[in-house]
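Coordinates in review
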Amino acid sequence: MAIKYWEFEDAPLKDKLKGVNVKDIARLFYDNETEAYRFAALLLEVKRKHSLRLKEAPQNIPVATAKRYLDFAVQLGLLKHESGAYELTDRFSKPFRNIAIYIKAWMESAADEDLAVEFANARIEKQSKRGGRPGNDAAAEKTEHSG
């Protein structure tokens with residue numbers, strides 16, 4: 001995600017609200033210009049028609065690609081998918097505020113956390129090198145073997 005938080009602080013947000021567009025929304029989730037365009041085109045089509053079926057997707061976007069982007073928008077809470085059609089919904093803003101509240105509460109808490117317990121199945125050791133250029137480890141091994 002490409003969320004640039006400073007663009008959504010109070011003063012910049014007031015300026016952005018004067019000229020809202022789907023490009024800003026698409027750019028939050030996609031850095032790639034093509035991906036952002038496809039996501040924006042589908043959201044705009046849903047907004048124009050009030051609901052969108054896959055067979056009504058724009059011709060320049062393959063159906064499978066349209067489904068992937070629309071399903072992503074459903075996961076985010078921007079769209080809902082009921083009775084075979086995608087429609088705008090607002091399940092996004094309230095959870096996003098709650099995430100911000102949760103993060104702020106974590107920042108203010110003094111509880112000590114044990115990451116080894118929280119992420120019991122995580123691999124915490126450094127991965128061994130699997131190829132590529134020899135690094136400092138290879139140079140160290142050469143000096144050990146030559147001596």
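Summary of the structure given here. All values derive from a computational prediction rather than experimental measurement.

Conventions used here
- Residues numbered from 1 in each chain as written.
- Predicted model: local features only at pLDDT ≥ 70, side-chain atom pairs only at ≥ 80, totals over all residues.
- Heavy atoms only, no water.
- Helix = DSSP H or I, 4+ residues; strand = E, 2+ residues; numbered from the N terminus.
- Contact = heavy atoms within 4.5 Å.
- Core = buried A, V, L, I, M, F, W, Y, C linked by side-chain atoms within 4.5 Å.
- Buried < 20%, exposed > 50% of the residue type's maximum accessible area, 1.4 Å probe, protein only.
- Phe/Tyr/Trp six-rings, centres within 6.5 Å; stacked < 30°, edge-to-face > 60°.
- Lys NZ or Arg CZ within 6 Å of the ring centre and 35° of its normal.
- Pairing = 2+ DSSP bridges.

**Topic: the side chain of Glu45**
Checked against the element boundaries, Glu45 lands in helix H3 (residues 33–49). With near-sequence residues (within four places) excluded, Glu45 lies in contact with Leu52 and Pro58.

**So, the nonpolar core**
Formed by 22 residues in total, the largest nonpolar core has its most connected members in Phe29, Phe39, Leu42, Leu70, Leu78 and Leu79. Looking at this core, the elements with two or more residues in it are helix H2 (22–29), H3 and helix H4 (63–76). The biggest single contributor to this core is H3, with seven residues.

**Observations concerning unusual backbone geometry**
At His50, a position not held by glycine, the phi torsion is positive, near 70 degrees. Within the element layout of this structure, His50 appears in the loop between H3 and H4. The exposed category is assigned to His50, whose relative accessible area is 64%. Phi is positive for Ser83, close to 50 degrees, though the residue is something other than glycine. Inspection of the secondary structure puts Ser83 in the loop between strand S1 (79–82) and strand S2 (85–88).

**Side note on the packing of aromatic side chains**
Within the structure shown, the criterion is met by seven aromatic pairs. An aromatic cluster of three or more residues is present, and its members are Phe29, Tyr30, Phe39, Tyr69 and Phe72. Note that Arg68 overlies the ring of Tyr69, its terminal NZ or CZ placed 5.3 Å from the centroid.

**Examining the pairing of S1**
Alignment of S1 against S2, held across four bridges, turns out to be antiparallel. For Leu79, the partnering residue across the bridge sits in S2 and is Leu88. Counted between consecutive antiparallel strands, the loop separating S1 from S2 contains two residues, among which Ser83 sits at a positive phi close to 50 degrees.

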